[in-house]
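As a plain string of letters, each chain reads:
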Amino acid sequence: MSLIKSSSKIAAVLSAGLLIIGLSACSPEVGSEAWCKQMKEKPSGDWTANEAADYAKHCVF
């Protein structure tokens, strides 16, 4: 019985990890043309401080 519980936990952790990796792969790389376009479309009030700094560094200058 404990072997089944352990297998279920391992499968759940692996599934969650794959989901996170899959979702992060969909985001364009910071500083890329696609990322700059995505940021232009996002309301500037929703930008984080890091996003604003990266936008200024990669897309403006």
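For the structure, check the block above.
The following refers to the structure shown. From a predicted model like this one, the values you see are computed outputs, not experimental measurements. Numbers given for residues are sequential positions, taken from 1 along each chain in its written order. Confidence filtering applies because this is a predicted model: local features only for residues at pLDDT of at least 70, side-chain atom pairs given and counted only at 80 or more, and all residues used for totals across whole chains, interfaces and linings. In computing side-chain properties, one takes all heavy atoms of the structure into account and sets aside hydrogens as well as water.

### Focus: the pattern of salt bridges
The salt bridge criterion pairs a side-chain nitrogen of Lys or Arg with a carboxyl oxygen of Asp or Glu, the two atoms within 4 Å. A full pass over the atoms with the stated rule returns one salt bridge. Between Glu-51 and Lys-42 there is a salt bridge; the shortest N-O distance is 3.1 Å. The exposure class assigned to Lys-42 is partly exposed, which follows from its relative accessible area of 29%. Any residue under 20% of the maximum accessible area for its type is buried, any over 50% is exposed, and the rest in between are partly exposed; the area is computed with a 1.4 Å probe on protein chains only.

### Notes on the packing of aromatic side chains
Pairing of aromatic side chains here covers Phe, Tyr and the six-membered ring of Trp, requires ring centres within 6.5 Å, and sorts the geometry by plane angle: under 30 degrees stacked, over 60 edge-to-face, intermediate tilted. Counted under the stated rule, the structure contains one aromatic pair. With centroids separated by 4.8 Å and ring planes inclined at 50°, the aromatic side chains of Trp-47 and Tyr-55 adopt a geometry described as tilted.

### Considerations on the packing of helix 2 (residues 33-41) against helix 3 (residues 49-60)
Fitting a line to C-alpha atoms yields each axis, with helices limited to the stretch in contact; the angle taken between N-to-C directions then spans 0 to 180 degrees. Starting at the N terminus, helices and strands are each numbered in turn, a helix being any DSSP run of H or I of at least four residues and a strand any DSSP run of E of at least two. At a minimum axis separation of 11 Å, helix 2 and helix 3 run at an interaxial angle of 125°. Regarding the angle of helix 2 to helix 3, the classification is oblique. As for the relative orientation of helix 2 and helix 3, their crossing is left-handed in sense. Contacts between helix 2 and helix 3 involve Trp-35, Cys-36, Met-39 and Lys-40 from the former and Glu-51, Asp-54, Tyr-55, His-58 and Cys-59 from the latter. Residues that form the contact of helix 2 with helix 3 fall into these classes: five nonpolar, one polar and three charged. Angles are sorted into four bins: roughly parallel if under 35 degrees, roughly antiparallel if over 145, roughly perpendicular if 65 to 115, and oblique for all others. Note: crossing handedness is left-handed where the near helix turns anticlockwise from the far helix by less than a right angle, and right-handed where it turns clockwise. In this description, contact between two residues means that some pair of their heavy atoms is separated by no more than 4.5 Å. Think of it as three bins: nonpolar holds Ala, Val, Leu, Ile, Met, Phe, Trp, Tyr, Cys and Pro, charged holds Asp, Glu, Lys and Arg, and polar takes everything else, Gly as well.

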